[in-house]
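Letter by letter, the chains look like this.
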Amino acid sequence: MPGTPLETLRTVFGYHAFRPHQEEIIAGVIRGEDSFVLMPTGGGKSLCYQIPALHRPGVALVVSPLISLMKDQVDALQANGVRAEFYNSSLAEREAQRVLARLHQGDLDLLYVAPERLMGESFLERLKDIPISLFAIDEAHCVSQWGHDFRPDYVQLGRLRELFPRVPLLALTATADSQTRTDIIRRLGLTQATCHVTGFDRPNIRYTVVDKQKPFNQLLAFLAGRPPEDAGIVYALSRKRVEEVAGRLVAAGIAAAPYHAGLGDGERSRVQEAFQRDELRVVVATVAFGMGIDKPNVRFVVHYDIPKNIESYYQETGRAGRDGLPAEALLLFGYGDIVVARGLIENGGNPEQNRIELQKLNAMVGFAEAVTCRRRVLLGYFSESLGEDCGNCDVCLDPPERFDATEEAQKALSCVYRVGQRFGMGHVIDVLRGSRSQRLLQLGHDRLSTYGIGRELSSEVWGGVLRQLVHLGYLEQDLASYGVLKLTAAARPLLRGEERLHLARPREKPVTPVKPPRRAAGNIAYDEGLFQSLRSLRKELADTAGVPPFVIFGDATLIEMAAFRPTDAESLLRINGVGNHKLGRYGGAFLEVLRGYGGAMPGRER
Ligand code: ADP
Ligand code: ZN
């Protein structure tokens, strides 16, 4: 492959410029260095090994845990004219033979392979006679038991460094705290690797949290406020809830389907495929859905229930907007869900594990309760700091109303004191609201001076007050022992009336406070009708070729086409995402639509 990596980026992939860090990473791998790449989802990790694969002699072996992802990646590469194949258990015998023949003939630039295939003795034997340009290990956190997605098959990959001492090795992941990071490096023998750790921020995702009221109506209102072609994922915690929500969406006339581990393999892959192919608008899923999807134009992710920790939440919301266009992450946050999630954790595992998980859940609740910029809280959790408020979350866009909560805080704090600092939130709220529960009466807590002094407020409001008191340091919550609340020294002046306190009023209004974002990145104006015509053409071509539409062109590419209206090959090539191969294959069809459309506006040059 002649030329520079930048030329390859332009001619093969059709992109104009590298994203942050891509160029250094690519240069290092081309020089033969080992690399560890930590980049958020959608950051553009694939090009970090795909371009070096075209610049180094031999075939690049790419290890990926999921068969479904391999196929999409290979389809996308082939659509750009790159010689790529995959080799895994989904291939029929004849297909597998064909792929191996290409491998031996030196007819491949990239081969995607499942870890257990790669590390099988017979395959390793084959590789002895084949020049290898590099090894890329995608989703490298799967090698670590500290990570949240450990795969025993990945452990074998630790031998690669010794078996192929001269071949550069590249490990890539989007999720790794510092412990997992060290573990990956150690297990893969990457002690000499250059580490590239890019920021975790996903500025195109808008984070919104609303109080969960009538969640299904809130979801419907949210969907109604968005363009009908926008697709997304709704996550719920239980299979039952997934089925219920999906069913109600279908009844409301929305193309939706459920996805969870209880469905058969066939059904699950049908749902996944329909979603990839833009035939489903909404997939309602448990956490099982997502690892295997690579759809770049997921426009929204809704959490119908609170996720168990910030890591999962960030990973799940990260599936929105991989194409860099504006995307939405909406969390419906209900007090009752916290209790359910706590119960789930307390029922399983060993006490030590539970303690950690409860702490993580608490951090998640802290995020949902935050009255400061959401992105600051999220990034802060991953030990990254943001210089200023993000301007693209609900708190920034619509700051919560504050009220003088001195009296409520005093009531809550004295009630914590009166129950002997030996009970959690639920019980404190029961006492405040004068509950007649058996347990409360048995304890004699109906005789406390704080019994029933907070009847006028709902449990949700009291929950909000108590949690804010925890976040602000007036109360401590002992997660290792049932979330028992205790006063801190800071509570004193407040109790004595020497200090006034303002808290955020819980948001109770239904969704749609946030206007649907303008679709175009960089706010370019484009013709919606033309965009729709280009989408239909894309869908037609994709169905003929048997690939998901985004393999043909991404939404960002179609938007640029609809904005700049190229009318000849030369100007079409200037659109991001149009490389030489795709120009040859699809250029004619798209130009025909572009030339034929309305004819009103003269083609603008970019
Ligand atoms: P990751 O693996 O980090 O989640 P991908 O490699 O799938 O991310 O890239 C995400 C999206 O960004 C893809 O649609 C990809 O084509 C696009 N992309 C990557 N690099 C660039 C670039 N330099 N310019 C424009 N688009 C890019
Ligand atoms: Zn913000």
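Residues numbered from 1 in each chain as written. Chains lettered and ligands numbered in written order. Predicted model: local features only at pLDDT ≥ 70, side-chain atom pairs only at ≥ 80, totals over all residues. Heavy atoms only, no water.

### Re the coordination of the zinc ion (ligand 2)
Bound to the zinc ion (ligand 2) on the protein side are Cys373 (SG), Cys390 (SG), Cys393 (SG) and Cys396 (SG), at distances that span 2.3 to 2.4 Å. One can describe the site at the zinc ion (ligand 2) as tetrahedral: its 4 donor atoms subtend angles covering 101 to 119° at the metal. Read in sequence order, the donor residues coordinating the zinc ion (ligand 2) give the pattern C-x16-C-x2-C-x2-C. Judged by its relative accessible area of 0%, Cys393 is buried. (Donors = N, O, S within 2.8 Å, 3.2 Å for Na, K, Ca; no water. Tetrahedral: all angles 85-135°; square planar, octahedral: opposite > 155°, others 65-115°. Buried < 20%, exposed > 50% of the residue type's maximum accessible area, 1.4 Å probe, protein only.)

### Some thoughts on the confidence of the model for the chain
With 94% of its residues at a pLDDT of 70 or more, the chain shows a mean pLDDT of 89. In the model, residues 509–520 has pLDDT below 50 throughout and makes 37 contacts with residues more than four positions away in sequence or in other chains. Low confidence marks residues 602–606, where pLDDT is under 50. Its contacts with residues over four positions away, or in another chain, come to 13 contacts. (pLDDT = per-residue confidence, 0-100. Contact = heavy atoms within 4.5 Å.)

### Side note on the environment of Phe289
Mapped onto the secondary structure, Phe289 falls in the loop between β11 (282–285) and β12 (298–303). Discounting chain neighbours no more than four positions away, the residues touching Phe289 are Ile233, Tyr235, Tyr259, Gln272, Phe275, Val283 and Arg319. (Helix = DSSP H or I, 4+ residues; strand = E, 2+ residues; numbered from the N terminus.)

### So, the environment of Ser437
Tracing the backbone through its elements, the reader meets Ser437 in the loop between α20 (425–432) and α21 (438–443). With relative accessibility at 26%, the residue Ser437 sits in the partly exposed group. Spatially, the C-alpha atom of Ser437 lies 9.8 Å from that of His427, the residues being 10 residues apart in sequence.

### With respect to the site of ligand 1
In the vicinity of ligand 1 lie 14 residues, with Tyr15, Ala17, Gly42, Lys45 and Ser46 positioned nearest. Contact distances for ligand 1 include 2.6 Å between an oxygen atom and a side-chain N or O atom of Ser46. Here ligand 1 has 560 Å² of accessible area as a free molecule, and 83% of this is covered by the chains. Counted by class, the shell around ligand 1 contains 5 nonpolar, 6 polar and 3 charged residues. (Near = heavy atom within 4 Å. Polar contact = N/O pair within 3.5 Å; in protein donor to acceptor, adjacent residues only side chain to side chain. Areas by Shrake-Rupley, 256 points an atom, 1.4 Å probe, with all protein chains shown as cover. Nonpolar A, V, L, I, M, F, W, Y, C, P; charged D, E, K, R; others polar.)

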